[in-house]
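If you want the building blocks of each chain, they are given just below.
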Amino acid sequence: MSDFASHPPALVVPTLAIGLGCDRGTPLATVQQCLQQALALVGGVLADVAVLASIEAKADEAAFLQLAAQHGWPLQWYNAAQLAAVPVPNPSATVQRYMGTPSVSEAAALLAARADLRALVVEKHKFRGPDGKNATVSIARMAAPLPHPDSSPS
């Protein structure tokens, strides 16, 4: 029997928290493309994603709900005050004006990762889809990985 057969492959532990922002009604394909581009910037893949996060005002955003359902990722929602309390490298006056916080994607990624600014590996990555809608993705490394849904305590 080969050595490989006697040792099962290790589970991949998702380690990335994804902060999401977008124009209202942005199609799933645009959000997916933005996410793929942002992951590529750090050599990440979809299996590295542990959680998605955004502002409560986007809790009904179809593309975010579809993306989470498609991959079985949990979604975490934060209110504007929670997001505004997080220091970020790219605050936006426009986001402040419309959402009541200077950051959605960067702050949400950091809150979901339970980490500070040092954990932010992809700052606000913007993508404008062929539909003219904008999506934004930020990525932070988890301070402590979420338990894998297929793992059980030993």
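Here goes a summary of the coordinates provided. Because the structure is a prediction, the values reported are computed rather than measured.

## Regarding the overall build of the protein
Phase 1: What the protein contains, in helices and strands, is six helices and five strands.
Phase 2: Start at the N end of the protein and walk to the C end: the helices and strands fall as α-β-α-β-α-β-α-α-α-β-β.
Phase 3: Going through the 154 residues of the protein one by one, you find that 40% of them count as buried.
Phase 4: Taking as baseline every contact in the protein between residues at least 6 positions apart, the subset at least 24 positions apart corresponds to 67%.

## What about the sheet that holds strand 5 (residues 134–141)?
Phase 1: Strands sit in the order 3-2-1-5-4 across an open sheet of five strands; the sheet is mixed. Sheet topology places strand 3 (75–78) and strand 4 (120–128) at the edges, where each strand pairs with a single neighbour. Strand-to-strand twist in this sheet, taken as the mean axis angle between neighbours without regard to direction, amounts to 25°.
Phase 2: Pairing geometry for strand 1 (residues 16–22) and strand 5, over seven bridges, is antiparallel. Within strand 5, the position partnered with Gly-21 by the bridge is Thr-136.

## Details of the pairing of strand 3
Where a strand is regular, its side chains alternate between the two sheet faces.
Phase 1: Bridge analysis of strand 2 (residues 49–55) against strand 3 gives four bridges, and the strand direction is parallel. In the sheet register, Ile-55 faces strand 3, and the bridge partner there is Tyr-78.
Phase 2: In this region the chain leaves strand 2, passes through helix 3 (residues 62–71) and returns to the parallel neighbour strand 3; the handedness of that crossover is right-handed.

## Section: the layout of surface pockets
Phase 1: One number sums up the size of the largest pocket: a volume of about 420 Å³.
Phase 2: Taken together, 22 residues form the lining of the largest pocket, with Gly-21, Cys-22, Asp-23, Val-95 and Thr-136 sitting closest to its centre.
Phase 3: Among the secondary structure elements, those contributing two or more residues to the lining of the largest pocket are strand 1, strand 2, helix 5 (93–99), helix 6 (105–113), strand 4 and strand 5.
Phase 4: At four residues, helix 5 tops the list of elements feeding residues into the lining of the largest pocket.

## Details of unusual backbone geometry
Phase 1: In this structure, Arg-114 is a non-glycine residue whose phi angle is positive, near 55°.
Phase 2: Of note, Arg-114 is situated in the loop between helix 6 and strand 4.

## With respect to the pattern of salt bridges
Phase 1: A complete count under the given rule lists four salt bridges for this structure.
Phase 2: Residue Asp-116 pairs with Arg-118 through a salt bridge whose shortest N-O separation is 2.4 Å.
Phase 3: Residue class for Asp-116 comes out partly exposed when judged on its relative accessible area of 37%.
Phase 4: We classify Arg-118 as exposed; its relative accessible area is 73%.
Phase 5: When salt bridges that share partners are traced, they join Arg-24, Lys-58, Asp-60 and Glu-61 into one network.

Conventions used here
Residues numbered from 1 in each chain as written. Predicted model: local features only at pLDDT ≥ 70, side-chain atom pairs only at ≥ 80, totals over all residues. Heavy atoms only, no water. Helix = DSSP H or I, 4+ residues; strand = E, 2+ residues; numbered from the N terminus. Buried < 20%, exposed > 50% of the residue type's maximum accessible area, 1.4 Å probe, protein only. Contact = heavy atoms within 4.5 Å. Pairing = 2+ DSSP bridges. Axes fitted to C-alpha atoms, helices over the stretch in contact; angles between N-to-C directions. Right-handed = clockwise from strand over helix to strand, strands pointing away. 1 Å grid on protein atoms, 1.4 Å probe; cavity = no way out; pocket = protein on both sides within 12 Å on 5 of 7 lines; lining within 4 Å. Points joined across faces, edges and corners; volume = space filled by probe spheres on them. Salt bridge = Lys/Arg side-chain N within 4 Å of Asp/Glu carboxyl O.

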